[in-house]
Amino acid sequence: MATHVVEVNFDGLVGPTHNYAGLSWGNVASKSNVNAVSNPKEAALQGLAKMKKLADRGYVQAVLPPHERPHMATLRALGFTGSDRQVLDKVAQTDPAILAAVSSASAMWTANAATVSPSADTSDHRVHFTPANLSAKFHRSIEHRVTGRALKAIFTDESYFAHHPALPSVSHFGDEGAANHTRLCAGYGEPGVELFVYGQVAFNENAPAPVKYPARQTLEASQAIARLHGLGDGHAVFAQQNPAAIDAGVFHNDVIAVGNGNCLFYHELAFLDEQKVLSDIRARLARTELQPVRVSASEVPIEDAVASYLFNSQLLNTPDGMLLAVPGECREVTSVSRYLDSLLQQNGPITAVEVFDVKQSMRNGGGPACLRLRVVLSDEERRAINQGVVLTDALYERLTAWVNAHYRDELSQQDLADPMLLDEVRKALDELTGILGLGSIYDFQL
């Protein structure tokens, strides 16, 4: 009997310190909203509403926890001493930029949490996880340890799941996780092609590279993950992102391309050598034909793609084709809205478009696709995970009540030094690990 396999979306719960510090150079939305007042409660509820909406449509939905912020362990490692209150006061007075960095709620964008390879692709037929080192940005480089603990607390059974530590945290092996990785296949349970997209070749100074903004993913990092996950040549394609796209604000591949099943939805400026990428995928894709959906610059200028996050959408299977779950901003940009209307008339693989409101996330540079980590699991593998993180009606109601009880309606940069905020965060997260059944995963709990 054929094994039933589904793709589970693990969405990040937006953390209580969701704020607009503009920490991400190269992310246009992040920089354009710097120092605006955020609404952590609204952000978390928007994220939960997106999860619930998809769960109600029959998709298997789960959650990943936010991280402790401000991260006191990092501040102490940087030489700040005294009580928590004294440390916060010192860093706020002398290094407010560091305080902003260790207070970021960026772990909400779980597309960057890790790279995941399903058991159908790997040599040992286990699901493999490698947390992303996120070494390009200090505020994100401190995430991978807790991310690794959370993943191990959810995917505990070593007979089904393999966990690797993050790659060395140096620029040569800069790794941004699933934001630069997508999988194409005939069916989720079939052997697939894992597309790794990189921005530069670290050990070749003469290779093409962006000029204005940094390339956050290296070829060397992508190759290392493919080796760790036991992916043979037949399961991996390495493609260079167009340096011009990175310089236009496309800091991750998931801002300009998204794949699902046998469909690759992408902008014509996504890849440095578009035809080679398509050819390499076709040569490895078994039991199905690749269905590329190419958006030209004349239809959607790259600036509009970045502004709307058209490609940072979720591409999901339905009984009648594929659903493109887009952020509301896609209907506010004329060229993108017009394109979406025409897309539905093309009789292609994408047959439906649905709008999701994730404005709080979008203002910091993350659309619907940023908020989820895709994990392909068989029924047997699904039974082996920690069931406490799987979204049900009861868990949704409990998490909504949890957010309403613990989150602030407004948060400014000045509020990050408030010791009461740290107390609020720790109390909330301690309760959350109990709700989700994760055990002790945070530094303050250990």
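So, a few notes on the structure that sits alongside this text. (Residues numbered from 1 in each chain as written. Predicted model: local features only at pLDDT ≥ 70, side-chain atom pairs only at ≥ 80, totals over all residues. Heavy atoms only, no water.)

Notes on the sheet that holds strand β12 (residues 314–318)
Basically, it comes down to this: A pair of strands counts as paired when DSSP detects no fewer than two bridges linking them. Only DSSP runs of H or I reaching four residues or more are called helices, and only runs of E reaching two or more are called strands; each is numbered from the N terminus. What counts as an axis is a line fitted to C-alpha atoms, over the stretch in contact for a helix, and the angles between N-to-C directions run from 0 to 180 degrees. In this description, contact between two residues means that some pair of their heavy atoms is separated by no more than 4.5 Å.
Pairing within the open sheet is mixed, and its three strands lie in the order β12-β13-β14. At either margin of the open sheet sits one strand with a lone partner, and together these are β12 and β14 (350–356). The mean angle between the axes of side-by-side strands here comes to 30 degrees, regardless of whether they run parallel or antiparallel. The sheet contact formed by β12 and strand β13 (residues 321–327) spans five bridges and is antiparallel. Across the sheet, residue L315 finds its bridge partner in β13, namely L324. In the packing of helix α2 (residues 40–56) onto the sheet, the strands contacted are β12 and β14, and the crossing angle to β14 comes to about 145 degrees.

Describing the packing of aromatic side chains
The geometry of an aromatic ring pair comes down to the distance between the two centres and the angle between the two planes. Test applied: Here a Phe, Tyr or Trp ring, Trp counted by its six-membered ring, pairs with any other such ring whose centre lies within 6.5 Å, and the pair is stacked when the planes are under 30 degrees apart, edge-to-face when over 60, and tilted otherwise. Burial classes: relative accessible area under 20% of the type maximum marks a residue as buried, over 50% as exposed, and values in between as partly exposed (1.4 Å probe, protein chains only). Only Lys NZ and Arg CZ are tested; either one counts as a charge over a ring when it is within 6 Å of the ring centre and within 35 degrees of the ring normal.
Here the structure, examined in full by the defined rule, presents 12 aromatic pairs. Judged by centre distance (6.2 Å) and plane angle (65 degrees), the ring pair of F173 and F203 falls under edge-to-face. One end of the pair, F173, is in the loop between β5 (161–163) and β6 (181–184); the other, F203, is in the loop between β7 (193–198) and α8 (219–228), with 30 residues separating them in the sequence. Taken together, a centroid distance of 5.3 Å and an interplanar angle of 70 degrees make the contact between W402 and Y407 edge-to-face. Across the pair, Y407 and W402 agree in class, each one buried. Linked through ring pairs, F10, F129, F155, Y160 and F161 together constitute an aromatic cluster. The ring of Y396 carries K52 above its face, with NZ or CZ at 5.5 Å from the centroid.

Quick word on the pairing of strand β4 (residues 127–131)
Summarising burial for β4: five of the five residues are buried, a large majority. The alternating pattern of β4 places V127, F129 and P131 on one face and H128 and T130 on the opposite face, and all of these are buried. With three bridges joining them, β4 and β5 adopt parallel strand pairing. Bridge pairing in β5 links H128 to A162.

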